[in-house]
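Descriptive structure summary
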Amino acid sequence: ARAQIGVTGLAVMGRNLARNFARHGYTVAVHNRSYAKTESLIAEAGHEGDFVPSESMADFVASLERPRKVVIMVKAGGPTDAVIDELVPLLEEGDIVVDAGNAHFPDTIRRENALRAQGLHFVGTGVSGGEEGALNGPSIMPGGTRESYESLGPILEDISAKVDGVPCATYVGPDGAGHFVKMVHNGIEYADMQLIAEAYDLLRQGLGASAREIGEIFAQWNTGDLESFLIEITADVLQHVDAETGRAFVDIVLDQAEQKGTGRWTVQNGLDLGVPITGIAEATFARALSGSVPQREAGRAALPAHAQAWEVKDRDAFIEDVRLALYASKVVAYSQGFDQIAAASLENSWDIDRGAMARIWRGGCIIRARFLNRITEAYERDANLPLLLADPYFTDAVGNGLAAWRRIVAGAAQNGVPAPAFSSSLAYYDGVRAERLPAALVQAQRDFFGAHTYKRVDRDGTFHTQWSGDRTEVEA
Ligand code: NDP
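Residues numbered from 1 in each chain as written. Predicted model: local features only at pLDDT ≥ 70, side-chain atom pairs only at ≥ 80, totals over all residues. Heavy atoms only, no water.

1. A few points about the pattern of salt bridges
- Here the structure, examined in full by the defined rule, presents 28 salt bridges.
- Taking the shortest distance from any N to any O, the salt bridge between R374 and E377 comes out at 3.2 Å. Note that R374 and E377 are positioned in helix α17 (residues 372-381) at a spacing of 3 residues, about one turn of the helix.
- Taking the relative accessible area as the measure of exposure, R374 reaches 23% and is therefore partly exposed.
- Between R456 and D458 there is a salt bridge whose closest N-O contact spans 2.8 Å.
- Look at R456 and you get partly exposed, because its relative accessible area is 32%.
- Several salt bridges share partner residues, and in doing so they unite D81, D99, D107, R110 and R111 into one network. (Salt bridge = Lys/Arg side-chain N within 4 Å of Asp/Glu carboxyl O. Helix = DSSP H or I, 4+ residues; strand = E, 2+ residues; numbered from the N terminus. Buried < 20%, exposed > 50% of the residue type's maximum accessible area, 1.4 Å probe, protein only.)

Written as structure tokens, this is what we have:
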């Protein structure tokens, strides 16, 4: 037994992760259900480092130094359980099983429980950055026991992306915490993409600009506060021309967005926790609306706009307004996502350090961005910050763009351009800062028809008004 780490599941992700370990000098045991993938890895990348291939799971396990560290990188769901079931009887106390696939966090909690009962460590870890990240440095979000991180952590930090020399991997928290944080990462990714798409649409419809011109605007934005992987690839995509038709590539792509389901998980969990992650929810529903084909056909045929063609007087001022509105909406989406992490952390006693999460998202992953430094700094100033938006840096940054944000959302509404994430983010901003909300009326209505009771602003206690009787108030 001489391999320091093993990878089972050698499709694109597992194969690249194994190569990444090997390139960092680790002896890597490799295994796949069908041996062909193992053979092709050795044939094509065997020269990159020290691989120990095995055809059977038993040989694979036997080739690992103890405590064994086995990374599972297979299809999430049933296949992961199948691999765990095959693996576990071959392991010994203290060994570490790492699920690096995109598991749903409740599955990770279940698996961690089961393996802990057998004396094994189970580490559910988020890995972001796709194929390219897996090979050259992903962002890694491992859960599980702190004890397992002591021996596993340094290896993960070694192969992760680095920003200013700092690894984009850190211990997240017990059992499902790592996969939970990966899920929220993906939800934020949905919101970020939708916001960028709305900014593009506003520029297109407001300015009548071409995809190419808008691509140039995004490239320009990528030199400032908005600098990020998603803005960078947007600039690139918008300037790409379809080889067959010579048209802008974005114009030949069918406008029906798909999803694999992590956005849906995030929204469902937001509902479970009662955390208003409106940015992520609007982004997920915007994809759903785009794919609602019969509804869109009926809507296109029947619904008038009663809006004029958008006339923008000052081109540069409008572009700057859209940029400021995008930045402000983005801060809201992240603020909400970090609220969701805080709520889940409290509910599950995970004790997640939100500043550290922003730090490991700075590189390797899809939402990597300059702006994440500001989030880390905000949580360094106050680890228990109740609202990211209320950190002085963000209060200023969003405050400076507030008038622009309102102009853009109002303009979108007046001109019939759908901007659900922009407008719901602004509504959230105004809601969370409101002195009083009409929730008071909702409580009164609930008490009227359902005797659901209410609290008063002027004294303690829970009350009910006898609405159908003489309307006296009784203490509930
Ligand atoms: P796939 O999700 O396509 O899974 C293919 C791998 O799973 C193959 O190695 C396959 O083995 C194995 N497999 C499937 N069913 C079983 C089973 N019942 N028993 C044993 N092995 C099985 O591979 P990817 O590399 O795309 O992704 C791996 C994991 O990483 C997934 O959980 C994915 O969600 C996650 N992920 C993917 C990212 C990406 O960009 N693709 C990014 C981040 C995470 P065989 O060759 O024998 O069929």
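Read on, since the account is not over.
2. Digging into the site of the ligand
- Around the ligand, the structure places 19 residues, and the nearest of them are M13, N32, S34, K37 and V74.
- Here an oxygen atom of the ligand and a side-chain polar atom of S34 are 2.8 Å apart.
- Contributions of two or more residues to the shell around the ligand are made by α1 (12-23) and α4 (78-87).
- Its residues placed into classes, the shell around the ligand shows 10 nonpolar, 6 polar and 3 charged. (Near = heavy atom within 4 Å. Polar contact = N/O pair within 3.5 Å; in protein donor to acceptor, adjacent residues only side chain to side chain. Nonpolar A, V, L, I, M, F, W, Y, C, P; charged D, E, K, R; others polar.)

3. What about the packing of helix α13 (residues 278-290) against helix α20 (residues 420-432)?
- Relative orientation of the contacting elements α13 and α20 amounts to 160°, with a least axis distance of 9 Å. One way to sum up the angle between α13 and α20 is to call them roughly antiparallel. You can see that α13 and α20 cross each other, and the crossing is right-handed. Contacts between α13 and α20 pair T278, E282 and A286 from the former with P420, A421, S424 and Y428 from the latter. (Axes fitted to C-alpha atoms, helices over the stretch in contact; angles between N-to-C directions. Parallel < 35°, antiparallel > 145°, perpendicular 65-115°, else oblique. Left-handed = near helix turned anticlockwise from the far one by under 90°. Contact = heavy atoms within 4.5 Å.)

4. A closer look at the side chain of S160
- For S160, the location among the structural elements is in the loop between α7 (146-159) and β8 (162-163).
- A polar contact is formed between the side chain of S160 and the backbone oxygen of E157, at a distance of 2.9 Å.
- Here S160 is in contact with G137, P138, I140, P167, C168 and A169, once residues within four sequence places are set aside.

5. Focus: the environment of V253
- Structurally, V253 is set in the loop between α11 (249-252) and α12 (262-273).
- Judged by its relative accessible area of 41%, V253 falls in the partly exposed class.

6. Re the UniProt feature "domain: 6-phosphogluconate dehydrogenase C-terminal" (unreviewed entry) in the protein
- The positions UniProt marks with the feature "domain: 6-phosphogluconate dehydrogenase C-terminal" (unreviewed entry) are residues 178-468.
- In residues 178-468, helix accounts for 65% and strand for 1%; the two terminal C-alpha atoms are 52 Å from one another. (UniProt positions renumbered as here; feature names shortened; annotations may be inferred.)

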